[in-house]
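Observations on the three-dimensional arrangement
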Amino acid sequence: MLVVTDSAADFAPEQLEGLKIHVVPLYVIFGETTYRSGVDISHENFYLRLRGGEMPRTSQPSVGEFVSVYRELAKQDPEILSIHLSSALSGTLSAARTAAAMVPEARVTFFDTGGVSVIVGWCAEMAAKAVQAGWSLERILQLLNRIRDKMFGIFMLPTLKYIVAGGRVGHLKGLVGSLMNIKPIMAFDLKAGTIIELGKEFSLRRAILAQADYIAKRFSPGSPLRIQIAHSQNSEGVTILTERLKSLFKCHFLPPATIGPVLGAHGGEGIVGVGVAPMEIFEDLA
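Residues numbered from 1 in each chain as written. Predicted model: local features only at pLDDT ≥ 70, side-chain atom pairs only at ≥ 80, totals over all residues. Heavy atoms only, no water.

Within the chain, the regular secondary structure consists of nine helices and 14 strands. For a compact globule of 286 residues, the expected C-alpha radius of gyration is about 19 Å, and the chain comes in at 18 Å, within 12% of that figure. Residues classed as buried in the chain amount to 53% of the 286 residues present. As displayed, the chain has an accessible area near 12,300 Å², and 50% of this comes from carbon and sulfur atoms. Mean positive and mean negative side-chain charge positions of the chain (28 and 27 charges, respectively) differ by 5 Å. (Helix = DSSP H or I, 4+ residues; strand = E, 2+ residues; numbered from the N terminus. Rg over C-alpha atoms; globule rule 2.2 N^0.38 Å. Buried < 20%, exposed > 50% of the residue type's maximum accessible area, 1.4 Å probe, protein only. Areas by Shrake-Rupley, 256 points an atom, 1.4 Å probe, with all protein chains shown as cover. Lys, Arg positive; Asp, Glu negative; His and termini not counted. Charge placed at Lys NZ, Arg CZ, Asp CG, Glu CD.)

Within the open sheet, the four strands sit side by side as β2-β1-β6-β7. Their pairing is parallel. Sheet topology places β2 (21-24) and β7 (107-112) at the edges, where each strand pairs with a single neighbour. Averaged over all neighbouring strand pairs, the angle between strand axes comes to 25°, with direction disregarded. Pairing between strand β1 (residues 2-6) and β2: four bridges, direction parallel. Pairing of Val3 across the sheet is with Ile21, part of β2. Lying on the sheet, helix α2 (residues 63-74) is in contact with β1, β2, β6 (79-84) and β7; it crosses β6 at an angle near 145°. (Pairing = 2+ DSSP bridges. Axes fitted to C-alpha atoms, helices over the stretch in contact; angles between N-to-C directions. Contact = heavy atoms within 4.5 Å.)

Once that is clear, we can look at the nonpolar core. Counting 54 residues, the largest nonpolar core has Phe46, Ile83, Leu144, Ile147, Met151 and Phe188 as the members making the most contacts within it. Listing elements by their share of this core, those giving two or more residues are β3 (27-30), α1 (43-51), β6, α4 (118-132), α5 (137-150), β9 (183-189) and α9 (261-267). When residues in this core are grouped by element, the largest group, 10 residues, is from α4. Discounting residues that sit within four places of it in the chain, Ile147 has contacts with Cys123, Met126, Ile281 and Phe282. Of all hydrophobic cores here, the second largest spans 24 residues; its members include Ala187, Ala212, Tyr214 and Val238. (Core = buried A, V, L, I, M, F, W, Y, C linked by side-chain atoms within 4.5 Å.)

Let us now look at unusual backbone geometry. The backbone phi angle of Ser117 is positive, close to 60°, even though this residue is not glycine. Tracing the backbone through its elements, the reader meets Ser117 in the loop between β7 and α4. In this structure Ser117 comes out as buried when scored by relative accessible area, which is 6%. The backbone of Gln233 shows a phi angle near 60°, a positive value even though the residue is not glycine. Summarising the element assignment, Gln233 is placed in the loop between β11 (224-231) and α8 (235-246). Gln233 gets classed as partly exposed once you look at its relative accessible area, which sits at 38%.

Given a rise of 1.5 Å per residue, 12 residues ought to cover 16 Å, and the 16 Å separating the end C-alpha atoms of α2 matches this to within 8%. Within α2 the residues assigned to the buried category are Glu65, Phe66, Val67, Tyr70, Leu73 and Ala74. Tucked into the core, α2 has its buried residues touching β1, β2, β3, β6, α3 (92-100) and β7. (Expected span 1.5 Å × (residues − 1).)

Looking now at α5. With 14 residues, α5 should reach 20 Å at 1.5 Å per residue; the first-to-last C-alpha distance of 20 Å fits that figure. Regarding α5, the residues found buried are Ile140, Leu143, Leu144 and Ile147. When α5 is viewed along its axis, its buried side chains cluster within an angular range of 95° and face the same direction. (Arc of directions from axis to C-beta.)

With that settled, the discussion passes to the environment of Pro261. Looking at where Pro261 falls in the secondary structure, it is placed in helix α9. Using a relative accessible area of 1% as the deciding quantity, one classes Pro261 as buried. Sequence-wise, Pro261 and Ile80 are 181 residues apart; in three dimensions their C-alpha atoms are separated by 26 Å.

This next bit is on the sheet that holds strand β4 (residues 33-36). Pairing between sheet strands relies on hydrogen bonds along the backbone, with the strands arranged either parallel or antiparallel. Sheet architecture is open: three strands sit in the order β4-β3-β5, paired in antiparallel fashion. Two strands in the sheet have a free side with no partner beyond their single neighbour: β4 and β5 (57-59). Direction aside, the axes of adjacent strands within the sheet are offset by 30° on average.

Structure, rendered in structure tokens:
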């Protein structure tokens, strides 16, 4: 069995060591030039472009790209597990399904993670580990459903500038574009596949720390948790949130992940977010 995902998944490099995960890139567009996220433009260069004042857009992979990937992979193994960002936020999964119908030699099973960033990354990572361990497809899907059911993904936006410019304010119920100085705290509703507003702060530090308070409402103090912080050029924010989480839980930290262009295009620099789930979910693949 082979594992496919898309570049809405964010990983730390260490997570990918020894794993076989095929990543289909989404596009990031600056002006008239289109780049494949993570292929034609690195995370570092993407944020340099942002700093220069350019406003990017994003686009999903084409059906044809998925056809090419599935057709090529089917030559190695017809069993493919394709894991993607929320279908409520992007047409990527729909394009993948359409493509799979055009590649009859591939038996493609799909999983909608309901989120983006490390949520997609964890699902792809654990699926690849389970494949290595010889798990059946049914057992892997049970694990992925459990991750989606129990995982909590939360992040803060340092500015609404990119959300407003991209016309995505509709996803942020209760926020208005005129309040450009607020720092909204957002979470993923993984069952609905949507983003919801939890609160807002006027201080970057407070917005970062508030994430730990929301996590503490979901998990008991001292709980053993698998945790990964993701950020867009905000290592100081990573340190602040790490120390706060250490004081609340028994933390099993993954190395921080850099937020890629897919989410960075809609949130800009300075984002700090975190994915959290009970450690017990992952014990069989420790």
